[in-house]
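# Topology and contacts: notes
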Amino acid sequence: MQSGQELGLIYIHVFGCRSSLCEGEFIAGALKSMGAEITENLSENINAAVIVTCSVTGEADKKCRQLVRRVRKILAPDKILAVCGCWSQSLDSLNAKSLGINILAGSKSKNILPDIIAEKIKLSDSSFQDLRVKNIFEPSQWEELAINSPVMHSRAFMKIQDGCDHFCSYCIIPFLRGRPVSRPVYSILEEIRRLIDNGTKEIIFTGIHLGLYGRDINFSLAKLINESAKISGLERIRLGSLEPFALDNNLLDSLSNCEKFCPHLHLPLQSGDDEILYLMRRGYNSRDFLNICENAREKLGENLHISSDILIGFPSESDNAFNNTLRIMKESKLGRVHIFPYSVRKGTPAALMNNQVSHEVKISRVSQALKLGRELYNNYIKNFIGQDVKILIERGNYGHTENYIEAECEGEKNFTRNEIITARVTGNINGKLIAKAVNQE
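The notes below deal with the structure included here. (Residues numbered from 1 in each chain as written. Predicted model: local features only at pLDDT ≥ 70, side-chain atom pairs only at ≥ 80, totals over all residues. Heavy atoms only, no water.)

## Quick look at the packing of aromatic side chains
Taken as a whole and assessed by the stated rule, the structure comprises 8 aromatic pairs. Ring geometry for Phe-137 and Phe-167: centres 6.5 Å apart, planes at 35 degrees, overall tilted. Here Phe-167 lies in the loop between strand 7 (156-162) and helix 7 (173-177) and Phe-137 lies in the loop between strand 6 (129-130) and strand 7, a separation of 30 residues in the sequence. Assessed through its relative accessible area of 26%, Phe-167 is described here as partly exposed. Centre to centre, the rings of Tyr-170 and Phe-314 are 6.3 Å apart; their planes meet at 80 degrees, and the pair counts as edge-to-face. With a gap of 144 residues between them, Tyr-170 in the loop between strand 7 and helix 7 and Phe-314 in the loop between strand 12 (305-312) and helix 13 (319-331) connect regions that are remote in the sequence. Classification of Phe-314 as buried rests on a relative accessible area of 0%. The ring of Tyr-404 has Arg-18 lying over it, and the distance from NZ or CZ to the ring centre is 5.2 Å. Geometry around Tyr-377 places Arg-336 over its ring, the cationic atom sitting 4.3 Å from the centre. (Phe/Tyr/Trp six-rings, centres within 6.5 Å; stacked < 30°, edge-to-face > 60°. Helix = DSSP H or I, 4+ residues; strand = E, 2+ residues; numbered from the N terminus. Buried < 20%, exposed > 50% of the residue type's maximum accessible area, 1.4 Å probe, protein only. Lys NZ or Arg CZ within 6 Å of the ring centre and 35° of its normal.)

Have a look at this one:
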């Protein structure tokens, strides 16, 4: 084990999804356990840097490359720069060297990355090292990335699944993450107990295709919810992004019977037009999505928060197709909506499709969708004004409600991190609830 003096101050930045956040937490926790001081602030004082990358869009690729260049300019030439994650999985090794990257770890091999970083720092070894697997589609065992306590967040993001074999026509991620693999049940339950012992109260299960959890180990996400709910001290269970077709009655029954489940589901719609959904290879149509939302609210309550992703400007998206998306957004009563303009991803079927939508049209449609998204979210959260909600404090007086709404408590009292308080909502400002702790009245 290296001393803190040897490892020094290490900068970590995470791009992308909640699975990336889990991976970043593991790396931060492992380096911290070796004595490193972890920072998310880039400065000339850092001794090494780790960037967890994303490649879900062309813009994500661009941001990753820009940060790598920026970090390399600030970081001393003999200091270690390590990158891992989806973008780095596809990066040419010569290109990586030209960017000044010292350690290239893709979507796998992150479990050995902290030790490699520590060893290179100890030996003052800035030579290039490529840790990536040669064939991402080769069957693999679960890559254990266990944590004892979150370093960069209050809530504990727990990655329980990796990989995808759905192959949506616009998505490059299956080619960068490989085939689906599930984390062993005992490993998940052990980590939950460790996290609780260290003060964690909320667990967020995440995965690249979360609904596939358990398929390869004769288990299921529904069964995992049931087993996790039995653990004393765990107060909140939340799910990351879930493909709509994965929300079957079996899973809904488990969620409805779980008092610890937080009533929020993130179900990516992507498009509300049936022809576009077919071209996307999403596996459902607009009516299916509406039925799924209706069924979820019937079993989990009308206050269920359903958030979503929308992909704007997919090839062949006409004005009518776009308007269908706006219509389904309204009819499904979505809350928070993330809007993304489609970008061509080399190596995907959609990149070869005709009728690519112009940049100008995409920007106009994104603006319209964002406006509607804000209206839908405000319509949803205003229902909580005058109601009592439970807020998990993450910093100061700020946190999230069970329905995954940002909330801030008025008053001078500072709460304890990970404390769950009851507060009455008095209003909302820019999509954030303003509340007053009940015991302050």
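That was the structure; now back to the text.
## Quick word on the pairing of strand 1 (residues 9-14)
Within strand 1, 5 of the 6 residues are buried, which leaves it mostly tucked inside the rest of the structure. Across 3 bridges, the pairing between strand 1 and strand 2 (residues 37-39) is parallel. Bridge pairing links Tyr-11 to Thr-39 in strand 2. On the question of chirality, the crossover connecting strand 1 to the parallel strand 2 by way of helix 2 (residues 18-33) is right-handed. Across 5 bridges, the pairing between strand 1 and strand 3 (residues 48-53) is parallel. (Pairing = 2+ DSSP bridges. Right-handed = clockwise from strand over helix to strand, strands pointing away.)

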